[in-house]
Amino acid sequence: MSLEPGWYVDPADTETRRWWDGEGWIGAPIPVDVTPPDGPPPAEPEPAPATATPAADQPASGPGGRPDATPTSGTPGAPSSWPGQSGPANPWPGQPGQAGQAGQPGQAGQPGQAGPGMQGPPPGWPYPHWPGAQPIPRPHGLPLASYGARLVARLIDLGIVFLLNAVVNGWFVWRYVEAVSPYLRESVRRALNGDTSTEGLPQIDDQAGGLQIAILVIATALWYAYEVPSMAARGQTFGKRLMGVRALPVEADQPLGFGRATRRWSTLGLPTLLWYCCGLGLLLQLIDAISPLFDHPLRQALHDKRAQTVVVQLPRKRDTSTAPPESADTPGDTP
């Protein structure tokens, strides 16, 4: 997956942002709540070459004053575990490694620096063939939402949309049932008696076709009005908030926006208009609903792929408002 250069949340430290140049992290990190500057960070100065050498009659000493015959990391002649790098540097940002490596926290809690020569996969997206890559990616430092959580959230949202239709669409549904019920009742009566003839069946009211279209248009509009604005602003519907999941763009931790939210919804919601075509729309929606089960590694549904979004599980907030329990021991009388 190739991402455009820009400022992204550092997978190794979600409290900071770093510049991604399309191939690797460069420059120093900045706090995540600070507005990043336009363009890349200034180039870091090249380290000054080492000029001090041990005396000819005095061997180099390691820790404890013992002779150290092993070259240290980053010095000429040190073993390299990755092409173009010196020392056992970890080429994968966000993976466990030694302090001060690319994308890793440095000593005393300081994030390590990645020079222009360091390369790595895009932010949060591990490549399976890279050393230390995780089997499941963590987009923007967050775990992917499970299929069960997404399904429950969707069922909650569909229940809310159904209640809205019962209020707004109820009269049209009642009129449609009145238009087709004489035909349906007579057809069922003849089928139970073994009569397969179609002669003399009551005709369906001419208004039934128009009522069916009106019902589907209203149902689609209600679904759109319920889901798209909340997804555009927060990446969450009411069901998603209850389940603690959120939809985010693939490339950045930011709101979806109205256009992306509309594209995401239309893949799943617009087939509602095709329900009258022998259930074709319902079949398309079923395929979309189960598609995350067969997508790896991002668990994207078809509507996620069209809008380039991914659904993540948000961390649970700790309840800090509860005061610690008081001691059960009560002071007794002083003797």
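A short tour of the structure in this document, coming up. Everything quoted here is computed from the prediction, not taken from an experiment. (Residues numbered from 1 in each chain as written. Predicted model: local features only at pLDDT ≥ 70, side-chain atom pairs only at ≥ 80, totals over all residues. Heavy atoms only, no water.)

1. Structural notes on the overall build of the protein chain
Along the backbone of the protein chain there are 7 helices and 5 strands. N-terminal to C-terminal, the α/β element order of the protein chain is β-β-β-α-α-α-α-β-α-α-α-β. Counting all 335 residues of the protein chain, 35% fall into the buried class. Sequence-distant contacts in the protein chain: of pairs separated by 6 or more residues, those separated by 24 or more amount to 55%. For the protein chain, the computed accessible surface area is about 20600 Å², with 61% contributed by carbon and sulfur atoms. (Helix = DSSP H or I, 4+ residues; strand = E, 2+ residues; numbered from the N terminus. Buried < 20%, exposed > 50% of the residue type's maximum accessible area, 1.4 Å probe, protein only. Contact = heavy atoms within 4.5 Å. Areas by Shrake-Rupley, 256 points an atom, 1.4 Å probe, with all protein chains shown as cover.)

2. Some words on the packing of aromatic side chains
Going through the model one piece at a time under the given rule, you end up with 6 aromatic pairs. Aromatic side chains Tyr224 and Phe258 sit 6.4 Å apart centroid to centroid with 80° between the ring planes, which places their arrangement in the edge-to-face category. On the criterion of sequence distance, the pair formed by Tyr224 in helix α3 (residues 207-234) and Phe258 in helix α5 (residues 258-269) is long-range, its members being 34 residues apart. Their ring planes at 80° and their centres at 5.0 Å tell us that Tyr224 and Trp265 sit as a pair that is edge-to-face. With Tyr224 in helix α3 and Trp265 in helix α5, this residue pair connects regions lying 41 residues apart in the sequence. Residue Tyr224 is classed as partly exposed on the basis of its relative accessible area, which comes to 26%. (Phe/Tyr/Trp six-rings, centres within 6.5 Å; stacked < 30°, edge-to-face > 60°.)

3. As for the nonpolar core
Of all hydrophobic cores here, the largest spans 15 residues; its most connected members are Trp223, Met231, Val245, Ala247, Ala261 and Val311. No other element matches the 5 residues that α3 contributes to this core. What Ala261 contacts, discounting residues up to four positions off in sequence, is Val228, Met231, Ala232 and Leu256. (Core = buried A, V, L, I, M, F, W, Y, C linked by side-chain atoms within 4.5 Å.)

4. Brief notes about the sheet that holds strand β1 (residues 6-10)
Strand pairs in the sheet, formed through backbone hydrogen bonds, run parallel or antiparallel to each other. Read from one edge to the other, the open sheet built from 3 strands follows the order β1-β2-β3, with strand pairing classed as antiparallel. Each edge of the sheet is formed by a strand with only one pairing partner; in this case those strands are β1 and β3 (25-31). Adjacent strand axes in the sheet meet at a mean angle of 35°, parallel and antiparallel pairs treated alike. Where strand β2 (residues 13-20) meets β3, 4 bridges bridge the pair, whose relative direction is antiparallel. The residue bridging Trp20 from the neighbouring strand is Trp25, located in β3. (Pairing = 2+ DSSP bridges. Axes fitted to C-alpha atoms, helices over the stretch in contact; angles between N-to-C directions.)

5. Concerning α5
Counted at 1.5 Å a residue, the expected span for α5 with its 12 residues is 16 Å, and the 15 Å between its end C-alpha atoms agrees. Buried within α5 are the following residues: Arg260, Ala261, Arg264, Trp265, Ser266, Leu268 and Gly269. (Expected span 1.5 Å × (residues − 1).)

6. Here's the deal with unusual backbone geometry
Cis geometry is adopted by the peptide bond preceding Pro297, which originates at His296 and carries an omega value of 5°. By the secondary structure assignment, Pro297 is in the loop between α6 (280-290) and α7 (302-307). The phi dihedral of His140 falls on the positive side, at around 55°, and the residue is not glycine. Summarising the element assignment, His140 is placed in the loop between β3 and α1 (147-168).

7. Some points on the packing of α1 against α3
Contact geometry for α1 and α3: axes closest at 10 Å, N-to-C directions at 130°. As summarised for this structure, α1 and α3 are arranged oblique, according to the angle between their axes. Helix-helix and strand crossings are classified by hand; for α1 and α3 the assignment is right-handed. Of the residues in α3, those touching α1 at Arg154, Asp157, Leu158, Ile160, Val161, Leu164, Asn165 and Val168 are Ile218, Ala219, Leu222, Trp223, Tyr226 and Glu227. Of the residues in the contact of α1 with α3, the class split is 10 nonpolar, 1 polar and 3 charged. (Parallel < 35°, antiparallel > 145°, perpendicular 65-115°, else oblique. Left-handed = near helix turned anticlockwise from the far one by under 90°. Nonpolar A, V, L, I, M, F, W, Y, C, P; charged D, E, K, R; others polar.)

8. Some thoughts on α1
A rise of 1.5 Å per residue sets the reference length of α1, with its 22 residues, at 32 Å; its end C-alpha atoms lie 31 Å apart and thus fit the reference within 8%. Within the sequence span of α1, burial applies to Ala149, Arg150, Ala153, Arg154, Asp157, Val161 and Asn165. The buried residues of α1 occupy one face: seen down the axis, they fall within an arc of 150°. Structural note: α1 exposes Leu155, Phe162, Leu163 and Val167 on the side pointing more than 90 degrees away from its buried face. (Arc of directions from axis to C-beta.)

9. Details of the environment of Arg263
Take Arg263: it is sitting in helix α5. Taking the C-alpha atoms as reference points, Arg263 and Arg306, 43 residues apart in sequence, are found 6.9 Å from one another. Not counting the four nearest positions on each side in its chain, Arg263 is found in contact with Arg306 and Ala307.

10. Here's the deal with the side chain of Gln300
Assignment of secondary structure puts Gln300 in the loop between α6 and α7. One polar contact links the side chain of Gln300 to the main-chain carbonyl oxygen of Thr309, over a distance of 2.7 Å. Contact partners of Gln300, with chain neighbours within four places excluded, come to Val250, Ser291, Pro292, Asp295, Lys305 and Thr309. (Polar contact = N/O pair within 3.5 Å; in protein donor to acceptor, adjacent residues only side chain to side chain.)

Keep in mind these values describe shape, not function.
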